[in-house]
Amino acid sequence: MRVEIQAESADASGQALAFTLEEQEEIHVLHPQQIIAYQGPSSGRSDRFMDVKGMYRKRKLIRADMSGPCRFTAALPPGYRVKTIELTGEEDLLYDFRHLFYYSRGIEMQTRVLSMKNMLVTRDVVKVKFSGRGSIGLLTEGTVCEAVLDPDEPLYVDAGSVIAYPENARLELTVYGNHLASQHMSYHWKMTGRGSVLFQAGRQSRRFERDNDDDGIIRRFLREALPFGGVFIK
């Protein structure tokens with residue numbers, strides 16, 4: 001399978017991805033409405049209802065099973081990108097199923113139930129661990145960054161920006177910095193362990209644009225002056 005980016009800028013006009021599947025290759029696309037062009041036998045696409053767990057995790061009913069040989073193009077809205085990750089069967093990362101755009105044949109999923117504290121923050125009950133050999137495509141906002149964890153020195157990552165983290169990682173929901181800094185930041189995951197964390201850089205763009213809009217001096221003052229004003233005053 002080959003995936004090629006067709007658009008230079010994912011911010012101005014959205015990203016387009018061209019998929020080429022050879023004989024016996026198959027991928028499952030979880031956003032079939034984004035497929036805008038297809039070349040191949042009509043039998044190469046088969047839409048089907050997702051299972052109950054998939055419907056709950058993805059908040060969608062239908063997926064498209066694409067089998068080769070064929071070519072097709074999927075389009076993404078402005079600001080969104082797909083990050084392709086090759087899996088070898090030895091990965092230890094837990095993902096949010098809602099980020100999944102596609103996965104190839106041979107990939108299996110296992111669910112991991114979150115703690116009650118993490119459920120309340122992430123508004124999700126489970127994370128997904130992938131196993132097997134193949135590739136997955138993650139739907140992200142902006143550039144995907146990677147940072148290496150340390151067993152002793154914690155890494156702080158914006159809680160809403162985390163895409164995947166190792167199953168062995170120790171997580172604590174917190175803020176950091178001095179008194180003023182901790183009042184004006186969103187909650188972060190304090191992470192220690194071994195392995196790498198993936199996080200997206202685009203979620204902060206909307207906050208940056210909002211803070212630079214002319215939304216009134218009183219609202220801006222309350223957002224800056226009140227504890228956690230940036231979190232509760234939108």
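This section reports on the structure supplied with the text. If you're wondering where the values come from, they're calculated on a predicted model, not measured in any experiment.

Definitions and cut-offs
- Residues numbered from 1 in each chain as written.
- Predicted model: local features only at pLDDT ≥ 70, side-chain atom pairs only at ≥ 80, totals over all residues.
- Heavy atoms only, no water.
- Helix = DSSP H or I, 4+ residues; strand = E, 2+ residues; numbered from the N terminus.
- Buried < 20%, exposed > 50% of the residue type's maximum accessible area, 1.4 Å probe, protein only.
- Contact = heavy atoms within 4.5 Å.
- Areas by Shrake-Rupley, 256 points an atom, 1.4 Å probe, with all protein chains shown as cover.
- Patch = residues over 30% accessible without salt bridge, like charges linked within 9 Å, V, L, I, M, F, W, Y side chains within 5 Å.
- Salt bridge = Lys/Arg side-chain N within 4 Å of Asp/Glu carboxyl O.
- Pairing = 2+ DSSP bridges.
- Axes fitted to C-alpha atoms, helices over the stretch in contact; angles between N-to-C directions.
- Phe/Tyr/Trp six-rings, centres within 6.5 Å; stacked < 30°, edge-to-face > 60°.
- Core = buried A, V, L, I, M, F, W, Y, C linked by side-chain atoms within 4.5 Å.
- Polar contact = N/O pair within 3.5 Å; in protein donor to acceptor, adjacent residues only side chain to side chain.

### Thoughts on the overall build of the protein
Point 1. From N to C terminus, the protein includes 6 helices and 19 strands.
Point 2. Counting all 234 residues of the protein, 41% fall into the buried class.
Point 3. Considering only contacts in the protein between residues 6 or more positions apart, those separated by 24 or more positions represent 71%.
Point 4. About 13000 Å² of surface is accessible on the protein, with carbon and sulfur atoms providing 53% of the total.

### Some details on a nonpolar patch on the surface
Point 1. On the surface, F49, L61 and I62 cluster together into a nonpolar patch covering about 330 Å² of accessible area.
Point 2. On the secondary structure map, I62 appears in strand β6 (residues 62-67).

### As for the sheet that holds strand β19 (residues 196-200)
Point 1. Here we have 6 strands laid out as an open sheet, ordered β11-β12-β9-β16-β19-β14, and antiparallel in their pairing. The sheet is open, and its two borders are formed by β11 (108-113) and β14 (144-148), each paired with just one other strand. The mean inter-strand angle of the sheet, taken between neighbouring strand axes irrespective of direction, is 30 degrees.
Point 2. Relative to strand β12 (residues 126-131), β11 is paired through 6 bridges, and the arrangement is antiparallel. Residue T111 lies in a different strand from β12, and its bridge partner there is V128.

### Brief notes about the packing of aromatic side chains
Point 1. In the structure shown here, the tally under the stated rule is 4 aromatic pairs.
Point 2. Taken together, a centroid distance of 4.8 Å and an interplanar angle of 35 degrees make the contact between Y156 and Y176 tilted. Residue Y156 is located in strand β15 (residues 155-158), and its partner Y176 is located in the loop between β17 (170-174) and α3 (179-183); the two are separated by 20 residues in the primary sequence.
Point 3. Using a relative accessible area of 31% as the deciding quantity, one classes Y156 as partly exposed.
Point 4. Put simply, the rings of F19, F72 and Y102 touch in pairs and so form one group of aromatic residues.

### Here we look at the sheet that holds β17
Point 1. Strand order in the open sheet made by the 3 strands is β15-β18-β17, with antiparallel pairing throughout. The open sheet terminates on both sides in strands that have one partner only, identified here as β15 and β17. When strand polarity is set aside, the average angle formed by the axes of neighbouring strands in this sheet is 30 degrees.

### Points about the nonpolar core
Point 1. With 17 residues, the main nonpolar core has I85, Y95, L100, F130, I136 and L138 as its most contacted residues.
Point 2. Elements with a minimum of two residues in this core: β8 (80-87), β9 (93-95), β10 (100-104), β12, β13 (134-141) and β16 (162-166).
Point 3. Of all hydrophobic cores here, the second largest spans 16 residues; its members include L17, I27, V29 and A74.

### Some words on the environment of Y103
Point 1. Turning to its location among the elements, Y103 is positioned in strand β10.
Point 2. Residue class for Y103 comes out buried when judged on its relative accessible area of 10%.
Point 3. Along the primary structure Y103 and T84 are separated by 19 residues, whereas in three dimensions their C-alpha atoms are 9.4 Å apart.
Point 4. Setting aside its immediate chain neighbours within four residues, Y103 contacts I27, H28, L30, R63, M109, S135 and I136.
Point 5. Engagement of the side chain of Y103 in a polar contact is seen with the side chain of R63, the distance being 3.1 Å.

Fair warning: the whole summary comes from geometry, so function is off the table for now.
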